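Here's the letter readout for the chains.
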Amino acid sequence: MMFTSEEANAELSDFVHSVSHDLRAPLRGMQGFATALLEDFADELGPTGQDYARRVVVAAHRMDTLIQDLLAYSRISRGELELRPVRLRQVVGDALSQLETELREREAQVAVEEPLPEVRGNQSLLVQVAANLVSNAAKFVAPG
């Protein structure tokens, strides 16, 4: 059976939609349990345990954002991508926040020249693009 590109895109979009919902349920559970640990057992966890639980919450939130971004990306092929005014300062801030551990481990320094303009685009996709650019720069630029 041969698919047209439109049919293949529709199949892929349906698959992404289904998988994203299947992934988000256990992710919410992880995030909920880690939050409960912080709220109910913070003293017993100690500083290191609290830090780990906070990292789980942040990582789960980031994964949820990536799943939502995957859904948004699947909509591109169907022309459903919503464009809005986006502050690039926020985009860069979000991207740097996502990469905080990687940048610290690589001892990378990032300088952002202000002011950054407001553009019309998709916030999630622009954050992903900025994060990819900064991550690649940190990986492939010689130290120093």
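Fair warning: this is a prediction, and the values are worked out from it, not measured in the lab.

S.K.: How should I be thinking about the overall build of the chain in this particular structure?
M.R.: What the chain contains, in helices and strands, is four helices and two strands. Start at the N end of the chain and walk to the C end: the helices and strands fall as α-β-α-α-β-α. Principal-axis analysis of the C-alpha atoms gives the chain an extent of 60 × 40 × 30 Å. Within the span of the chain, comprising 144 residues, buried residues form 23% of the whole. Taking the intrachain contacts of the chain between residues at least 6 apart in sequence as the baseline, contacts between residues at least 24 apart amount to 79%. As displayed, the chain has an accessible area near 10500 Å², and 57% of this comes from carbon and sulfur atoms. Charge separation in the chain, taken as the distance between the mean sites of 14 positive and 22 negative side-chain charges, equals 3 Å.

S.K.: Sorry if this is basic, but what is going on with the nonpolar core here?
M.R.: Residues Val-86, Val-91, Ala-95, Leu-99, Leu-103, Val-127, Ala-130, Ala-131 and Ala-138 constitute the largest nonpolar core, which totals nine residues. Where this core is concerned, the elements lending two or more residues are helix H2 (88-98) and helix H4 (123-140). It is H4 that provides the largest number of residues to this core, a total of four residues. Those residues in contact with Leu-99 that lie beyond four places of it in its chain are Ala-131, Val-134 and Ser-135.

S.K.: What is the right way to read the pattern of salt bridges from this model?
M.R.: It is possible for side chains of opposite charge to pair when their charged atoms get near one another. On inspection of all chains with the given rule, the structure shows five salt bridges. For the salt bridge of Asp-51 with Arg-55, the shortest nitrogen-to-oxygen distance reads 2.9 Å. Placement of the pair is Asp-51 and Arg-55 together in helix H1 (residues 5-76), with a separation of four residues, close to one helical turn. Residue class for Arg-55 comes out partly exposed when judged on its relative accessible area of 45%.

S.K.: Explain a negative patch on the surface here, please?
M.R.: On the surface, a cluster of negative charge is made up of Glu-6, Glu-7, Glu-11 and Asp-14. Here Glu-7 is to be found in helix H1.

S.K.: What exactly am I supposed to notice about the environment of Arg-24 here?
M.R.: Along the chain, the position of Arg-24 falls in helix H1. Put simply, Arg-24 and Ala-60 are 36 residues apart on the chain and 9.4 Å apart in space, counted from C-alpha to C-alpha. Beyond its immediate sequence surroundings of up to four residues, Arg-24 is in contact with Asp-64, Ile-67 and Gln-68.

What counts, and where the lines are drawn
Residues numbered from 1 in each chain as written. Predicted model: local features only at pLDDT ≥ 70, side-chain atom pairs only at ≥ 80, totals over all residues. Heavy atoms only, no water. Helix = DSSP H or I, 4+ residues; strand = E, 2+ residues; numbered from the N terminus. Buried < 20%, exposed > 50% of the residue type's maximum accessible area, 1.4 Å probe, protein only. Contact = heavy atoms within 4.5 Å. Areas by Shrake-Rupley, 256 points an atom, 1.4 Å probe, with all protein chains shown as cover. Lys, Arg positive; Asp, Glu negative; His and termini not counted. Charge placed at Lys NZ, Arg CZ, Asp CG, Glu CD. Core = buried A, V, L, I, M, F, W, Y, C linked by side-chain atoms within 4.5 Å. Salt bridge = Lys/Arg side-chain N within 4 Å of Asp/Glu carboxyl O. Patch = residues over 30% accessible without salt bridge, like charges linked within 9 Å, V, L, I, M, F, W, Y side chains within 5 Å.

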